[in-house]
Amino acid sequence: MLLVLSLLAVGCAAPPPRGYYAPEGAPASDRLSWYEERGASAHLSLTVQGIYVNDVHGEETQTVHAQLRVTNPRGLPLTLLRAGWSADLRPGPGLPVVSLPVSEVWTGVELVSGDLRVEAWGRRPFDLFFDRPFDAAEPVPISIRLRWIGTDGAEALVGQCKYARIPPDSPLHPSDVLLSDPSFGLRDGYYMPGDAHLGARRLVPSDEHRLHYPFHRPHSWSM
């Protein structure tokens, strides 16, 4: 009886499943894949770190974590509107899409309070978080579509890209791989192991300069 209760307790303590994604139509890869869009006004590289459950301001939250790198190839400032970003989650075939606005944006170790601005001839990395209250009854979405609106001061820039979930039984699914490296924070591009329960959203201290930083410190181990 004690053994049964222990197994039940372990099952209850297991973290919710994390969704891993790749750009729709991209070649199969066992590494984090990026969507690339190159236009006359902007060069964008986008990836989805995943969808997972973590602690945000003391609340159990389901988060879509996207990473963005923007290159401005022109002599005019480039602005991606904060209100123009959304993440559309498709729970499954025939189910309604859920659209989430961006909740937080970071560049490096700085919180971005307004629009995402890139100066003339500049390049900036961003981490975007789309949050909603966690509901254990909700399935892990089968796809995520990111949409954005921007301007270069002369014309509007409108774009979107779609990411498909990597099936858990796929040989490319990273959950069975040792992804974490305490000395660096990642191995193949995904920041945390798929079976770790992520802690509060906060920067992990680092002495190195990176385009992106691990944003979460899990409950079970520290970096």
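So, here's what we can say about the structure. What you are looking at is a predicted structure, and each value in this text was computed from that prediction instead of being measured.

1. What to know about the nonpolar core
As a rule of thumb, soluble globular proteins bury nonpolar side chains together.
1) Next: Ranked by internal contacts, the top residues of the largest apolar core, which has 31 residues, are Leu68, Trp85, Phe126, Leu128, Phe130 and Leu146.
2) Next: Contributions of two or more residues to this core are made by β3 (43–56), β4 (59–71), β5 (78–80), β6 (86–90), β10 (116–118), β11 (123–133), β12 (143–151) and β13 (156–165).
3) Next: For Trp85, the contacting residues outside a window of four places in its chain are Leu46, Leu68, Leu80, Leu100, Pro101, Val102, Leu116, Leu128, Phe130, Arg147 and Trp148.
4) Next: Membership of the second largest hydrophobic core comes to six residues, among which are Tyr52, Trp106, Phe129 and Tyr213.

2. Re the packing of aromatic side chains
Two numbers describe a pair of aromatic rings. These are the distance of the centres and the angle of the planes.
1) Next: Taken as a whole, this structure holds one aromatic pair when the rule is applied.
2) Next: Positioned over the ring face of Phe129 is Arg201, at 4.1 Å from the centre of the ring.

3. A look at the pairing of β12
The side chains of a regular strand alternate between the sheet's two faces.
1) Next: Summarising the sheet, β5 and β12 pair through two bridges and their orientation is antiparallel. By the bridge assignment, Thr79 is partnered in β12 with Thr151.
2) Next: Pairing between β6 and β12: five bridges, direction antiparallel. Note on β12: the bridge partner recorded for Arg90 is Ser143.
3) Next: In this sheet, β13 lies alongside β12 in antiparallel orientation, the contact comprising nine bridges. Looking across to β13, one finds that Gly150 is bridged to Leu157.

4. Looking at the pattern of salt bridges
1) Next: All told, the structure shown has seven salt bridges when counted by the stated rule.
2) Next: The partner of Glu104 in a salt bridge is Arg201, with the nearest N and O atoms 3.2 Å apart. With Glu104 in strand β8 (residues 104–107) and Arg201 in the segment after β13, this pair connects stretches of sequence that are 97 residues apart.
3) Next: Judged by its relative accessible area of 13%, Glu104 falls in the buried class.
4) Next: Taking relative accessible area as the criterion, Arg201 reaches 12% and is therefore assigned buried.
5) Next: Taken together, the shared-partner salt bridges connect Asp88, Arg145 and Arg147 into one network.

5. Remarks on the side chain of Arg132
1) Next: For Arg132, the position within the fold is in strand β11.
2) Next: The buried charged residue Arg132 lacks any salt bridge partner; its closest oppositely charged side chain belongs to Glu138, at an N-O distance of 4.2 Å.
3) Next: Polar contacts involving the side chain of Arg132 include one to the side chain of Gln62, which spans 2.6 Å.
4) Next: Beyond its immediate chain neighbours, meaning those up to four positions away, Arg132 contacts Thr61, Gln62, Leu89, Val98, Leu100 and Glu138.

Rules used throughout
Residues numbered from 1 in each chain as written. Predicted model: local features only at pLDDT ≥ 70, side-chain atom pairs only at ≥ 80, totals over all residues. Heavy atoms only, no water. Core = buried A, V, L, I, M, F, W, Y, C linked by side-chain atoms within 4.5 Å. Buried < 20%, exposed > 50% of the residue type's maximum accessible area, 1.4 Å probe, protein only. Helix = DSSP H or I, 4+ residues; strand = E, 2+ residues; numbered from the N terminus. Contact = heavy atoms within 4.5 Å. Phe/Tyr/Trp six-rings, centres within 6.5 Å; stacked < 30°, edge-to-face > 60°. Lys NZ or Arg CZ within 6 Å of the ring centre and 35° of its normal. Pairing = 2+ DSSP bridges. Salt bridge = Lys/Arg side-chain N within 4 Å of Asp/Glu carboxyl O. Lys, Arg positive; Asp, Glu negative; His and termini not counted. Polar contact = N/O pair within 3.5 Å; in protein donor to acceptor, adjacent residues only side chain to side chain.

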